[in-house]
Amino acid sequence: LFDGVYPFYPQKRKAALVDISIVIVIAVFLTFTCSFLLIIPGIRGRARLYWTLRVLLNLMVGVVIVVVQFTGDWETGWVKANTSYKSFSSALVNVDIGLHVGLAGVNVTLTGNPVNQVNETINYNEHFAWSFDADYDHSYSEGLKRGLPSPILYVAEKFTTQSPCGVHRQYRISGHYASATLWVAFCTWLISNMLFSMPVPVYGGYMLLVTGAFMIFSLLSFSTVRNSPMCPIQFGTATLLIGYGGSFWLTLAIGLLCSVAGITVVALHYFSLDLLKTFFDLREDKADECQEMTEVYINPHSVNDGL
């Protein structure tokens, strides 16, 4: 033993707290936000407020488009049940069982009430991937070899290719196309930011409308999984029911925000161009240009020669 741990044997896996990819994406966007906050004092007048509003909203849209690619709560469900803990054992445990469906796989969470029961710590969060570069059935087989608790294996078995439920293919394809559509939305979001830096911001508004449309298309793609009836996940008298989770509704909210913002920019371009130029800080540049053009210097010797 080394401090009470067997050093030559694999230890029990601990529940994951957060995906490292999400942490990296948030850290990158926070770096951009902090960099902008450092230069915002150099912007004078009312333009400082407009710049702050535009940049923060744009960064919020970008971080949501990327983060929801890695989250696991597009569909979620929880149930509290008394169920068997291990195979070939009659011991019952009181647990909270959670199912979290993402674009690239499914997470099954098992937490005991209390955590310590049957001389074990019941706190699991197992991920089973179904993306095109992953083998879901292999992950499930590895879980069987590791001896995962029966509730986790029972839930994970519903999404295997050999399951009578037959939802594996639908979830896999729907998640793949939803992810691809979101990456297209991220590209159009980048293009909209470049267009907004040009003298005619209406083109950025059009591209913002395209961004919102692709985000809505990703939701429609993922929602097609409801076309396949889900097998009941039963634990005694308790049933695990799943519904749309936080990532789904957050993507819907940001998609609608992009659509509303794009429509607003286009409408202002046709009905109140001065207000649109004021918001994008374009009027001051025009005034400075006009002021420079009104200053004329005449050489009197050239005038006399001409006469």
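Residues numbered from 1 in each chain as written. Predicted model: local features only at pLDDT ≥ 70, side-chain atom pairs only at ≥ 80, totals over all residues. Heavy atoms only, no water.

## Structural notes on the overall build of the chain
On a plain count of helices and strands, the chain comes out with 10 helices and seven strands. Taken across its 307 residues, the chain has 39% of its residues classed as buried. Long-range pairs, those at least 24 residues apart, make up 66% of the contacts in the chain with a sequence separation of at least 6. Accessible surface, the chain: about 17900 Å² in total, of which carbon and sulfur atoms supply 64%. (Helix = DSSP H or I, 4+ residues; strand = E, 2+ residues; numbered from the N terminus. Buried < 20%, exposed > 50% of the residue type's maximum accessible area, 1.4 Å probe, protein only. Contact = heavy atoms within 4.5 Å. Areas by Shrake-Rupley, 256 points an atom, 1.4 Å probe, with all protein chains shown as cover.)

## Some words on a nonpolar patch on the surface
A cluster of nonpolar side chains, namely I20, V23, I24, V28 and F32, defines an oily patch on the protein surface of about 460 Å² accessible area. Positionally, I24 belongs in helix α1 (residues 20-39). (Patch = residues over 30% accessible without salt bridge, like charges linked within 9 Å, V, L, I, M, F, W, Y side chains within 5 Å. Salt bridge = Lys/Arg side-chain N within 4 Å of Asp/Glu carboxyl O.)

## What about the packing of aromatic side chains?
The description of two aromatic rings rests on the distance between their centres and on the angle between their planes. Scanning all chains against the criterion turns up 19 aromatic pairs. Each member of the aromatic cluster is reached from another via a ring pair, and the members are F29, F32, W183, F186 and W189. One residue, R54, lies across the ring of W51, its end atom 4.4 Å from the ring centre. Across the ring face of Y244, the terminal group of R226 is positioned such that the distance to the ring centre comes to 4.5 Å. (Phe/Tyr/Trp six-rings, centres within 6.5 Å; stacked < 30°, edge-to-face > 60°. Lys NZ or Arg CZ within 6 Å of the ring centre and 35° of its normal.)

## Regarding the sheet that holds strand β3 (residues 105-117)
One open sheet accounts for five strands, arranged β4-β3-β2-β1-β7; its pairing is antiparallel. On the outer flanks of this sheet lie β4 (120-129) and β7 (243-244), each paired with one strand and no other. By the bridge criterion, nine bridges tie β3 to β4 in an arrangement that is antiparallel. Bridging across to β4, V108 finds its partner in E126. In this fold helix α4 (residues 150-157) packs onto β1 (75-84), β2 (92-101), β3 and β4, with an angle of close to 160° to the strand it touches most, β3. (Pairing = 2+ DSSP bridges. Axes fitted to C-alpha atoms, helices over the stretch in contact; angles between N-to-C directions.)

## A look at the pattern of salt bridges
Side-chain pairs of opposite charge can arise whenever the charged atoms involved come near each other. Applying the stated criterion across every chain yields a total of three salt bridges. We note a salt bridge from R146 to E126, for which the minimum N-O separation is 2.7 Å. Taken together, the residues span a long stretch of sequence, with R146 in helix α3 (residues 136-146) and E126 in strand β4 at a distance of 20 residues. Classification of R146 by relative accessible area gives partly exposed; the value is 39%.

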